[in-house]
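# Understanding the architecture of this molecule
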Amino acid sequence: MSGICGFASFTKEIIKQKDVLTKMTETLHRRGRDGFSYFESKNVLLGSANLNLEGQKEALFTQKVEGNTYTVVYNGRLYNPEEIRDLLNKREYNYSVGTETEIIIALYIIFKEECVKYLDGMFAFAIYDEKAKQVFLARDRVGAKPLFYSVKQNTLIFGSEIKALFCHEMVRPILDEEGICQIFGLGPARRMGSGVFHDVKEVKPASTLTFKTNHFVESKYWEVEGKVHTDNLPETIDKVRKLVTQSIKKHMKSNEPIGTLLSGGLDSSIISSVVSDEKESVLSTFSVDYEDNEKYFKPTDYQPNSDSYFIQLMQNHIRSNHRSVILTQEELLGSLEEVVLLTDLPGMADIDSSLYLFAREMKKEIRVALSGEGADEIFGGYPWFRKEETLNLPFFPWTMSLEVRKNILSEPYKRLDLDEYVRFCYNEIASATPYSGEETEEEKKIKRMFYINRYYFMQTLLTRKDRMTMGNALEVRMPFGDTKLIEYLWNVPWEMKHLKGKEKGLLREASKGILPEEVRLRKKSPYPKTHNPLYTSLVCEKMDRILEKPSSPIHQLVDQNAVKQMMRNNFTAVTSPWFGQLMTGPQIIAYLIQMNHWLEEYNVIIDGR
């Protein structure tokens, strides 16, 4: 694990810009706290902030083979290193492949751009091929690890986080009209492949970018394939059980202290149970909650029950060493602005800050954790998978209404058609859905829903998980992001996934005997958020102070009277929460607090008029 960055130009020498590379690399110090590594040549400069895990001491490595020099800078974790080493031995590769960086280089030397097809893991890397005069960027299949870039004046500038790019004079923090539409129409999500800022892009999941002298090419190397599912129900249940358990076992291999996030929900409980059975020592499990949350909790369609009872059931079942991290409202508010510096954008408000604080506490006891992200997106766990009205929507079902956000836009930007932009982003991804050609119209709707969830909702959660945990130098792995599992489930019919009329019914059936029945049959409940009214009071007070300050940059984007009116009315206008239950009234205010801090800290140039 690490943070990576660099820049390249094959039309001019850049070796004298080492100071720029140093600044870029140092911005990533929280991702890699064990020192920096650099590579310098006249046309390519590479840097890494190193995190020493699993014996991987440096994320940067150079290999000279048959008169050519190859240099890789790598961030990630491979789950099939032995399999690749066997492949390399058969190809009579005679150089060391002890570390993952050496494995990446070896695969590239033999297979060039096709090397990514042999990798199973979460990763982002760049390889400089000296003889070919090219830089090759690649990102893992599900997009667990980030990689941003900008191409300006025949120069490629890239980094694990956007902040690294801003150290280069060619990349400026400009927010244009499309960026404003993303912040208000999609945020905290982003358009696929976008870094929100003008001319800042992100290598898409399962994609590569090859940069040469005066051009670059981005291509996709993996996608699910639409075909007819031929397994019967018992065979499907058995296959899912095997794929899930195999993935968990693969992801838990580690020489470092390892634990799991345990909410008492289906996904985290399956992971914790399998890991506990396989682990020789007592498993460390962790959960998060908020001061006085039980006192104020009210069941909703999105969050039908709280976690504590089910966590206790699982703790007793697997006899784990469990720690519950309880956060105060003041802590949540206090870290709202800090976490913006990890995401480089306004994020999921207190949902981000709570995970950041949670990860900080976990890091005191473990270095690697397993988490249940991805299960809802591939098994169909959200309410919008089951409702006819949401399946027919021409936009994302977790952003049911833009009215509140349109209403708070400042006057110069009320002319922006947020509805049309969101529809465009929806159609862009929905139209790419792979089908077998045998689906009915209803089956196509379901497949579209799965596709947009994996490429938008899941991406937002993976971004959050990466930034908040790597910001604490904690490596978190997600077994439900396994591509073999995703590929198999893509063509499993909805009747099987929604077995017995229950959300994630197929996964529930596959987990029989693994979990206590109460946990196995528990209705889905998402990552917990605070329900304490004190938090609402705190964010509203802070927002008032921001609005009262004439120099606050948020005034450029929002109508302060509309924001104040929303708070005075106790968010009665917020009838459709964003991202399920995760972003309701208080979180909208917290999001604006983050936005103000972001505009201020990054000296954002608003160029949308």
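Look up a bit, the structure's there.
Heads up: these notes are all about the structure in this document.

What counts and what doesn't
Residues numbered from 1 in each chain as written. Predicted model: local features only at pLDDT ≥ 70, side-chain atom pairs only at ≥ 80, totals over all residues. Heavy atoms only, no water. Helix = DSSP H or I, 4+ residues; strand = E, 2+ residues; numbered from the N terminus. Rg over C-alpha atoms; globule rule 2.2 N^0.38 Å. Buried < 20%, exposed > 50% of the residue type's maximum accessible area, 1.4 Å probe, protein only. Contact = heavy atoms within 4.5 Å. Areas by Shrake-Rupley, 256 points an atom, 1.4 Å probe, with all protein chains shown as cover. Lys, Arg positive; Asp, Glu negative; His and termini not counted. Charge placed at Lys NZ, Arg CZ, Asp CG, Glu CD. 1 Å grid on protein atoms, 1.4 Å probe; cavity = no way out; pocket = protein on both sides within 12 Å on 5 of 7 lines; lining within 4 Å. Points joined across faces, edges and corners; volume = space filled by probe spheres on them. Nonpolar A, V, L, I, M, F, W, Y, C, P; charged D, E, K, R; others polar. Phe/Tyr/Trp six-rings, centres within 6.5 Å; stacked < 30°, edge-to-face > 60°. Lys NZ or Arg CZ within 6 Å of the ring centre and 35° of its normal. Pairing = 2+ DSSP bridges. Right-handed = clockwise from strand over helix to strand, strands pointing away. Salt bridge = Lys/Arg side-chain N within 4 Å of Asp/Glu carboxyl O.

## Concerning the overall build of the protein chain
- When its secondary structure is counted, the protein chain shows 23 helices and 19 strands.
- Expected size for 609 residues packed as a compact globule is a radius of gyration near 25 Å; at 24 Å, the protein chain falls within 12% of this value.
- Projected onto its principal axes, the C-alpha coordinates of the protein chain cover approximately 70 × 60 × 50 Å.
- With 609 residues in all, the protein chain has 64% of them scored as buried.
- Considering only intrachain contacts with a sequence separation of at least 6, the fraction spanning at least 24 residues in the protein chain is 73%.
- Carbon together with sulfur atoms contributes 47% to the accessible area of the protein chain, which is approximately 22900 Å² in total.
- Distance from the positive charge centre (80 side chains) to the negative charge centre (85 side chains) of the protein chain: 1 Å.

## Overview of the layout of surface pockets
- The volume enclosed by the largest pocket comes to roughly 780 Å³.
- Lining the largest pocket are 32 residues, with Leu78, Tyr79, Asn80, Pro81 and Asp120 sitting closest to its centre.
- Looking at the lining of the largest pocket, the elements that each hand over two or more residues are strand S5 (68–78), helix H2 (81–90), helix H6 (233–251) and helix H17 (483–490).
- Among the elements that line the lining of the largest pocket, the one with the most residues is H2, at 6 residues.
- Residues that form the lining of the largest pocket fall into these classes: 8 nonpolar, 9 polar and 15 charged.

## Things to note about the packing of aromatic side chains
- Scanning the entire structure with this criterion turns up 29 aromatic pairs.
- Summarising the aromatic geometry, the rings of Tyr108 and Phe136 are spaced 5.8 Å apart at their centres and angled 35 degrees between planes, so their arrangement reads as tilted. Linking Tyr108 in helix H3 (residues 100–111) with Phe136 in strand S7 (residues 134–139), this pair joins segments that are 28 residues apart in sequence.
- Seen from their ring centres, Phe123 and Phe125 are 5.8 Å apart, and the 35 degrees between their planes marks the pair as tilted.
- Classification of Phe125 as buried rests on a relative accessible area of 0%.
- One aromatic cluster is present, built from ring pairs that chain together Tyr382, Trp384, Phe385, Phe396, Trp398, Tyr426, Phe450, Tyr456, Phe457 and Trp494.
- The ring of Tyr527 carries the charged tip of Arg464 above its face, separated from the ring centre by 4.2 Å.
- The residue whose ring lies beneath Lys497 is Phe450, and the NZ or CZ to ring-centre distance is 3.7 Å.

## What to know about the pairing of strand S15 (residues 284–290)
- Along S15, 7 of the 7 residues are buried, which leaves the element largely enclosed by surrounding structure.
- Burial along S15 is two-sided: Ser284, Phe286, Val288 and Tyr290 and Thr285, Ser287 and Asp289, pointing in opposite directions, are all buried.
- Across 3 bridges, strand S14 (residues 258–261) lies against S15 in parallel orientation. Within the sheet, the bridge partner assigned to Leu261 lies in S15 and is Phe286.
- Running through helix H7 (residues 266–278), the crossover from S14 to the neighbouring parallel element S15 is right-handed.

## With respect to the pairing of strand S3 (residues 44–50)
- Within S3, 7 of the 7 residues are buried, which leaves it mostly tucked inside the rest of the structure.
- Of the two faces of S3, both are covered, the one formed by Val44, Leu46, Ser48 and Asn50 as well as the one formed by Leu45, Gly47 and Ala49.
- With 7 bridges joining them, strand S1 (residues 2–9) and S3 adopt antiparallel strand pairing. Following the sheet pairing, Gly6 is matched in S3 by Leu46.
- Relative to S3, strand S2 (residues 36–40) runs antiparallel, the two sharing 5 bridges. Across the sheet, the residue bridging to Glu40 is Leu45, located in S3.
- The loop that links S2 with its antiparallel partner S3 comprises 3 residues.

## Focus on the sheet that holds strand S9 (residues 155–159)
- Reading across the sheet, the 6 strands line up as S2-S3-S1-S9-S8-S11 and stay open at both edges, with antiparallel pairing between neighbours. A single partner strand is all that each edge strand has here, and the edge strands are S2 and strand S11 (201–202).
- Where strand S8 (residues 148–152) lies against S9, 5 bridges are found, and the strand directions are antiparallel. Pairing of Tyr149 across the sheet is with Phe158, part of S9.

## Considerations on unusual backbone geometry
- Cis geometry marks the peptide bond from Gly187 to Pro188; its omega dihedral reads 15 degrees.
- Tracing the sequence through the fold places Pro188 in the loop between helix H5 (177–186) and S11.
- At Asn154, a residue that is not glycine, the phi angle is positive and equals roughly 60 degrees.
- Structurally, the position occupied by Asn154 is in the loop between S8 and S9.
- Residue class for Asn154 comes out partly exposed when judged on its relative accessible area of 33%.
- If you check the backbone angles, Asp292 has positive phi at about 65 degrees while not being a glycine.

## Some details on the pattern of salt bridges
- According to the stated counting rule, one finds 47 salt bridges in the structure shown.
- Residue Glu114 pairs with Lys117 through a salt bridge whose shortest N-O separation is 2.7 Å.
- Among the residues examined, Glu114 registers a relative accessible area of 40% and is labelled partly exposed.
- Linking Glu365 and Arg323 is a salt bridge whose minimum nitrogen-to-oxygen distance equals 3.2 Å.

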